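Spelled out from the first residue to the last, the chains are:
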Amino acid sequence: MKPLSHHIANLLSEALRAAQASAVLPAFEPPTIVIERPKREGQGDYASPVAMSLAKALSRKPREVAEAVVQHLPPAPFIAQAEIAGPGFINFTLSDDFLRQQVETIIALGDDWAKLDLFVGKRAQVEFVSANPSGPITVGHTRNAVLGDAIARVLEAAGYQVQREYYFNNAGNQMVMLGQSVQARYLQILGQSAELPENGYQGEYIIDLARDLVQEHGDSLREADWKVFKDYAEARMFAWIKRSLALIDIQHDAFFNENSLFENGEVWRTLEILRENGYIYSAAEWEGASEEEKAKAAGRAPAQWFRSTRFGDDKDRVLVKSDGVPTYTLPDIAYHRNKIERGFDLMVNVLGADHGQQYKVVANGIRALGLDPSKIKVILYQMVRIMRNGVEVRMSKRKGNFDTLDDLVEQTSADAVRYHLLGRSPGTTIDFDLDAVVKQSNENPVYYIQNAHVRCAGIAREAAARGLDDTEADLSLLGQAELKFLRKALELSEVIELAATEYEPHRLAYYAQELAALFHPLYDEVRALHSDVEPQVARARLRFYRAARLVFRRVLRLMGMSAPERM
RNA sequence: GCCCUCGUAGCUCAGUGGAUAGAGCGCUGGCCUCCGGAGCCAGGUGCGUAGGUUCGAUUCCUAUCGAGGGCACCA
């Protein structure tokens, strides 16, 4: 299905054509037709300012243009009326019958309701988390995970076939450090004096890993190479990361090892293509360096530089250091080349704001390869601060500081973590207030929304207990309050479309809150099982609540949250 | 210094160039015998500042002030 706004835009296009054909309006290029949801009641369900935007070019008054358009609107079963209002808006009101019919549509489609075909046949990839396997998933990574997974869900709902990928950064110096750190801890436990490498990992979890190794292998690894420790640590970290993500119901379809790009030579192949294209030079310092910088670099072996400045960068970038080891950037460019060659129609990268600059270099690299980076969308999100009693809880590598996903879930809940990290646009810094989130009260939107589902489930339970049936309900017995809810439910398609095309899944969180805010007073007023309610009316209302429950379930699942039966 | 984000209600934040800018939290006062209290109803003087584009700007552009992030032969 498509959002109703698309159907209405089509009606307007046809009306404009018809008005031109009958010479009521002069010829003009068909404009982009904007459809919006009016903010106030009495302004219909959908509105278009198209007449106002055309008025000037046509030298006609906006309301006259609107008049011409409305007169040529083709009939549509879902529209009850189209009227001109205010400065020249055309307001559309949905028909009550159409709205009532949505109850059966929702029940028939269930979890597939509001699944759009906007991108049917298209393949999208969402790369997210991609945290180094050198430590646990932190709160910052968790925002990345929640955002990426929600974008993936929303893209699926919009019609894409989606692959979730994790770029596993298991090559390079960091992994050496990881291996050597575990090795040092291992030897220390065995009573041998061993120093952590400079810039080694000091976390408590490194000691845990070493302790486990002692338990499993005793002192037999005393003479072992650091690589043995690295492989062990990597495998353990990988398992830990997956387990943490599973806590908030996140699974990736693919894990792409950075290592593989070295093993199959793609890293070096990428460098060669760049060189062939004239973007690589060998020098001790970049060509635009100041005298001071050049003096500092004097005597250093040459590195391989990428002419990033050709694409407007401030300076050229090192791809291969003077010791022959690539920087992070080269495999990253190779990885994106690999991605592009896999033929996705859309590639989404979810990155922390601190990586924004880095991606620009990668994008320049992609251009230098002669490839087009336009199918890659980068979603930058700001940092997360953990607050307790209004004071920031400082991140620390030591344990017990609420800085891991595991701790966060333990302190709050998977649903609360997802809702609160999803509920803000990526561009804002989040202060994650543990006290507010832990608080399981009516002030917490997580429970407010879930309770709507619980209440629907409660009605169904009670109806079943009383042996009541809701089939063949006469939906004409539903009142305006129910129709109001259905109008809002119908808006989900537009929310999905917007969230998918703008990569802004936080819109779902707001929508869910609004939907629940419409539901609760309704639940209060429109009783299904009250003794005053006529049996036929009760039947229709039971049918309605069955549909409402499915709508909440759908919305909660889109946010990766659970839809509980009871609380 | 340069680049990127962000300044909207007491606080935390929504708001695709359109009609009277919205939620949540906090605060105050009311409301439930039957599916339900993690509920319902009522209470509001706010778009950082200055220009510009436009029929119309919280939204786009420029400047300015303020906050955060980034400016490695780290990832």
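Refer to the structure presented above.
Presented here is a report on the structure given in the accompanying data block.

Criteria and cut-off values
Residues numbered from 1 in each chain as written. Chains lettered and ligands numbered in written order. Predicted model: local features only at pLDDT ≥ 70, side-chain atom pairs only at ≥ 80, totals over all residues. Heavy atoms only, no water. Helix = DSSP H or I, 4+ residues; strand = E, 2+ residues; numbered from the N terminus. Polar contact = N/O pair within 3.5 Å; in protein donor to acceptor, adjacent residues only side chain to side chain. Salt bridge = Lys/Arg side-chain N within 4 Å of Asp/Glu carboxyl O. Buried < 20%, exposed > 50% of the residue type's maximum accessible area, 1.4 Å probe, protein only. Axes fitted to C-alpha atoms, helices over the stretch in contact; angles between N-to-C directions. Left-handed = near helix turned anticlockwise from the far one by under 90°. Contact = heavy atoms within 4.5 Å. Pairing = 2+ DSSP bridges.

**Some thoughts on the environment of asparagine 264**
Then, in step 1: Positionally, asparagine 264 belongs in the loop between helix 9 (258-263) and helix 10 (266-276).
Then, in step 2: Only 3.0 Å separates the side chain of asparagine 264 from the backbone nitrogen of glutamate 266, close enough to count as a polar contact.

**What to know about the pattern of salt bridges**
Then, in step 1: Going through the model one piece at a time under the given rule, you end up with 37 salt bridges.
Then, in step 2: One salt bridge in this structure joins aspartate 97 and arginine 100, with 3.6 Å as the shortest N-O distance. Highlighted residues: aspartate 97 and arginine 100, both in helix 4 (residues 96-109), separated by three residues, approximately one helical turn.
Then, in step 3: For aspartate 97, a relative accessible area of 58% translates into the label exposed.
Then, in step 4: Assessed through its relative accessible area of 14%, arginine 100 is described here as buried.
Then, in step 5: Taken together, the shared-partner salt bridges connect Asp149, Arg153, Glu156, Arg164, Asp249, Arg418 and Arg557 into one network.

**Some words on the packing of helix 7 (residues 204-217) against helix 8 (residues 226-247)**
Then, in step 1: For the pair helix 7 and helix 8, the least separation of the axes is 11 Å and the interaxial angle reads 115°. Of the two elements, helix 7 crosses helix 8, and the hand of that crossing is right-handed. On the side of helix 7, the interface is formed by Tyr205, Leu209, Asp212, Leu213 and Glu216, while helix 8 contributes Phe229, Tyr232, Ala233, Arg236, Met237 and Trp240.

**Some thoughts on the sheet that holds strand 11 (residues 376-381)**
Then, in step 1: The strand order across the open sheet formed by five strands is 6-5-4-10-11, and the pairing between neighbours is parallel. With one partner strand each, in any of the chains shown, strand 6 (254-257) and strand 11 form the two edges of the open sheet. Neighbour-to-neighbour, the strand axes of the sheet open up by a mean angle of 25°, direction not taken into account.
Then, in step 2: Taken together, the five bridges between strand 4 (residues 123-127) and strand 5 (residues 161-168) define a ladder with parallel strand orientation.

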